[in-house]
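What follows is the residue order along each chain.
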Amino acid sequence: MSWHQELLVSFDLETTGTDVEQDRIVTAALIRLEGDGRAAATQSWLLDPGVPIPDEAAAIHGISTAHVREHGRPPATAIEEITGSLADALQAGIPLVVMNARYDLSLLDRECRRHGVPTLSDRLGRAPAPVIDPLVLDKHVDRYRKGKRALQALCGHYGVRLEGAHEAGADAAAAAGVARRIGEKYPAVAIPSPRALHALQEEAAAEQAASFQAYLRRSGDPGAIVEPAWPLIPYQVRR
């Protein structure tokens, strides 16, 4: 059987912003999904990130600073649990679905470092793998399609229900649904080995980054640098 017919674990974050080096986790969800798409287990976390949640971020996910200060957990404790749960899944060989993995996994990595928690790579002794990223896969199999490729757009394109967009659990389940539909529709990525699929995505993500960087330069931004690494942006020690 191919990976899209087997057990998957899907992960999503809602955060204070879009900067993996500076922003913080507000909520996280991890869902274990059987081969038929049924949710076998769900974990979720609400964190007090320790910084105010900007109004523009709260407008997207609906979580305010006041709410997390009253109900959120200390970030170090929650981040330890989140990272440990991801490591358990990957050590068991279960593929991890993450929409735009480069963002979520990199931000989690920086949060671990911020709070003195062992990173996912530390726990695994290697880079996180196998990861399945619906964004990278969609761009790979349907490169020239026009339009947006955010999760809501991909759900519409592939006929996947998304109830409660920008709620971490709903987004995680929807991302797994999109990944499965891509596997069903495109035999080229419906390969038996999740490890082989991971390697394919590493190459595809690098090609996509190079293509986007070339586009930015043609558009008048010659100094543009688009990160090619996937699924984790390497950490750079700031001097």
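Relevant structure appears above.
Residues numbered from 1 in each chain as written. Predicted model: local features only at pLDDT ≥ 70, side-chain atom pairs only at ≥ 80, totals over all residues. Heavy atoms only, no water.

Engineer: Where do I start with the overall build of the chain in this structure?
Structural biologist: Each helix and strand counted, the chain has nine helices and five strands in total. Order of helices (α) and strands (β) in the chain, N terminus to C terminus: β-β-β-α-α-α-β-α-α-β-α-α-α-α. Relative to the 2.2 N^0.38 estimate, which gives 18 Å for 239 residues, the radius of gyration of the chain is 17 Å and therefore close to what a compact globule would have. Expressed along its principal axes, the backbone C-alpha trace of the chain runs to roughly 50 × 50 × 35 Å. Here the chain holds 239 residues, and the buried ones make up 50% of them. (Helix = DSSP H or I, 4+ residues; strand = E, 2+ residues; numbered from the N terminus. Rg over C-alpha atoms; globule rule 2.2 N^0.38 Å. Buried < 20%, exposed > 50% of the residue type's maximum accessible area, 1.4 Å probe, protein only.)

Engineer: Would you take a moment to explain the side chain of R102 for this structure?
Structural biologist: Locating R102 in the fold gives a position in helix α4 (residues 101-114). One buried charged residue, R102, forms no salt bridge at all, with the nearest opposite charge on E227 at 5.7 Å. A distance of 3.4 Å separates a polar atom in the side chain of R102 from the backbone oxygen of P228. Every residue in contact with R102, bar those within four places of it in the chain, is listed here: D133, A205, E227, P228, A229, W230, P231 and I233. (Lys, Arg positive; Asp, Glu negative; His and termini not counted. Salt bridge = Lys/Arg side-chain N within 4 Å of Asp/Glu carboxyl O. Polar contact = N/O pair within 3.5 Å; in protein donor to acceptor, adjacent residues only side chain to side chain. Contact = heavy atoms within 4.5 Å.)

Engineer: What is the right way to read the packing of helix α6 (residues 134-141) against helix α9 (residues 194-218) from this model?
Structural biologist: If you want to describe how two helices pack, look at the angle between their axes and the distance between the axes. Contact geometry of α6 with α9 gives a least axis separation of 9 Å together with a crossing angle of 70 degrees. With respect to their mutual orientation, α6 and α9 come out roughly perpendicular. Across the interface between the two elements, V136, L137, K139 and H140 from α6 touch L197, L200, Q201, A204, A205 and Q208 from α9. Its residues placed into classes, the contact of α6 with α9 shows six nonpolar, three polar and one charged. (Axes fitted to C-alpha atoms, helices over the stretch in contact; angles between N-to-C directions. Parallel < 35°, antiparallel > 145°, perpendicular 65-115°, else oblique. Nonpolar A, V, L, I, M, F, W, Y, C, P; charged D, E, K, R; others polar.)

Engineer: Can you walk me through the environment of T65 in this structure?
Structural biologist: Structurally, the position occupied by T65 is in helix α2 (residues 65-71). Sequence spacing of T65 and E80 is 15 residues, and the spatial spacing of their C-alpha atoms is 22 Å. For T65, the contacting residues outside a window of four places in its chain are P52 and I53. Of note is the side chain of T65, whose polar atom sits 2.7 Å from the backbone nitrogen of I53.

Engineer: What am I meant to see in the packing of aromatic side chains here?
Structural biologist: The geometry of an aromatic ring pair is captured by the separation of the ring centres together with the interplanar angle, meaning the angle of the planes. In this structure the tally under the stated criterion is one aromatic pair. Judged by centre distance (6.1 Å) and plane angle (20 degrees), the ring pair of F212 and Y215 falls under stacked. One end of the pair is F212 and the other is Y215, both in helix α9 and three residues apart, which spans about a single turn. Residue Y215 is classed as partly exposed on the basis of its relative accessible area, which comes to 44%. (Phe/Tyr/Trp six-rings, centres within 6.5 Å; stacked < 30°, edge-to-face > 60°.)

Engineer: What is the right way to read the environment of L232 from this model?
Structural biologist: With respect to the helices, strands and loops of the structure, L232 is situated in the segment after α9. Between the alpha carbons of L232 and S106 there is a distance of 5.2 Å; along the sequence they are 126 residues apart. If we ignore the near neighbours within four places in the chain, the residues touching L232 are L105, S106, D109, R110, S121 and P128.

Engineer: Help me understand the packing of helix α7 (residues 151-158) against helix α8 (residues 168-185) in this model?
Structural biologist: Interhelical geometry of α7 versus α8 gives an angle of 45 degrees and a closest axis separation of 10 Å. By the angle between their axes, α7 is oblique relative to α8. Crossing geometry of α7 relative to α8 is assigned as left-handed. Residues L151, L154, C155, H157 and Y158 of α7 form the contact with α8, whose own contacting residues are D171, A174, A175, V178, R181, I182 and K185. Tallied by class, residues from the contact of α7 with α8 come to eight nonpolar, one polar and three charged. (Left-handed = near helix turned anticlockwise from the far one by under 90°.)

Engineer: Just checking my understanding: could you explain the nonpolar core for this structure?
Structural biologist: The tendency in soluble globular proteins is for nonpolar side chains to be buried as a group. In terms of nonpolar packing, the biggest core is built from 35 residues, with F11, I82, L86, L96, L105 and L108 touching the most fellow members. For this core, the elements supplying multiple residues, two or more each, are β1 (8-15), β2 (25-33), α3 (75-91), β4 (96-98), α4, α5 (120-124) and α9. For this core, the element with the highest residue contribution is α3, accounting for seven residues. Setting aside anything within four residues of it in sequence, one finds L86 in contact with F11, L30, L96, L108 and L120. Core analysis: the second largest hydrophobic core is formed by 20 residues, L151, Y158, A174 and A179 among them. (Core = buried A, V, L, I, M, F, W, Y, C linked by side-chain atoms within 4.5 Å.)

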